[in-house]
Amino acid sequence: MKKWMLAIFCLWVLTLAGLAQTADDYYHQAAQLYIDNHSDEALQQIDLGLRLQPNHPKLTALRDKILEEKKQQQQQQQQQQQGESQQQQEQQQQQNSDQQDQQNNRDQQQQQSQEEQQKQQEPQEQQANQDKEQQKKGGQKKQEVAPNKVQPGKELSKEEAERILQALKSKEKENKRFRRPRKIRKRRVEKDW
């Protein structure tokens, strides 16, 4: 019976020895996980292997390599984030400058339109002032006349007369085009049958 017990105990020890992993087994598993881009799982296997054999050179080298790569990846991500935030800031600055340019353009256009209105109002005001002065001097009332229309009894300057003639000529040409429709000639078709 002692022999049987000894045999069973030996089988049990051999079975446990076969199931137990060595540091090299953990290294091979970690290396395979690292190759498959599973760095976190590879680090777990390395930690288990280093518990069995703390100074295992292959496990420590692989651990250092994985940690170094993780560090580089983190630095790259930080640089990318900084680059993206810098691009966003530049875009925001560009948008702000564009908006400011648009506002400046609007302000300039408003100022120009106000200046044009003032220029247009000045001759009308001058004309009104002259009319008032003439009314005071002569005691005669004048009818207000649009600046483009000719006042009866008033002599035209040479330039005004030429301008009026040219306008009439251009209107005549336009009217002639509308009066006569184009003639469409009928073509004779020869029968080929």
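Residues numbered from 1 in each chain as written. Predicted model: local features only at pLDDT ≥ 70, side-chain atom pairs only at ≥ 80, totals over all residues. Heavy atoms only, no water.

A. Geometry of the overall build of the protein chain. The helix and strand tally for the protein chain stands at five helices and zero strands. Starting at the N terminus, the α and β elements of the protein chain follow one another as α-α-α-α-α. Within the protein chain, contacts between residues separated by at least 24 positions form 45% of all contacts whose residues are at least 6 apart in sequence. As displayed, the protein chain offers around 19,200 Å² of accessible surface, 46% of which is attributable to carbon and sulfur atoms. (Helix = DSSP H or I, 4+ residues; strand = E, 2+ residues; numbered from the N terminus. Contact = heavy atoms within 4.5 Å. Areas by Shrake-Rupley, 256 points an atom, 1.4 Å probe, with all protein chains shown as cover.)

B. Structural view of a nonpolar patch on the surface. On the surface, a nonpolar cluster with roughly 340 Å² of combined accessible area is contributed by Leu-156, Ile-164, Leu-165 and Leu-168. By the secondary structure assignment, Leu-168 is in helix α5 (residues 158-179). (Patch = residues over 30% accessible without salt bridge, like charges linked within 9 Å, V, L, I, M, F, W, Y side chains within 5 Å. Salt bridge = Lys/Arg side-chain N within 4 Å of Asp/Glu carboxyl O.)

C. Main features of the nonpolar core. Within the largest apolar cluster, 12 residues are counted, these being Ala-23, Ala-30, Ala-31, Leu-33, Tyr-34, Ala-42, Leu-43, Ile-46, Leu-50, Leu-59, Leu-62 and Ile-66. Element by element, the count of residues in this core is highest for helix α2 (residues 23-35), at five residues. Filtering out sequence-adjacent residues up to four positions away, Leu-62 remains in contact with Tyr-27, Ala-30, Ala-31, Tyr-34 and Ile-46. (Core = buried A, V, L, I, M, F, W, Y, C linked by side-chain atoms within 4.5 Å. Buried < 20%, exposed > 50% of the residue type's maximum accessible area, 1.4 Å probe, protein only.)

D. Structural view of α2. Taking 1.5 Å as the rise per residue, α2 with 13 residues should run 18 Å; its terminal C-alpha atoms sit 18 Å apart, in good agreement. Taken residue by residue, α2 has Ala-23, Tyr-26, Ala-30, Ala-31, Leu-33 and Tyr-34 as its buried positions. Looking straight down α2, one finds its buried side chains confined to an arc of 165°; they lie on one side. Exposed residues on α2 whose side chains face more than 90 degrees from its buried face are His-28 and Ile-35. Following α2 by one or two positions, Asn-37 has its phi on the positive side, about 65°. (Expected span 1.5 Å × (residues − 1). Arc of directions from axis to C-beta.)

E. How the structure looks around unusual backbone geometry. A positive phi angle, close to 65°, is found at Asn-37, a residue other than glycine. For Asn-37, a relative accessible area of 67% corresponds to the exposed category.

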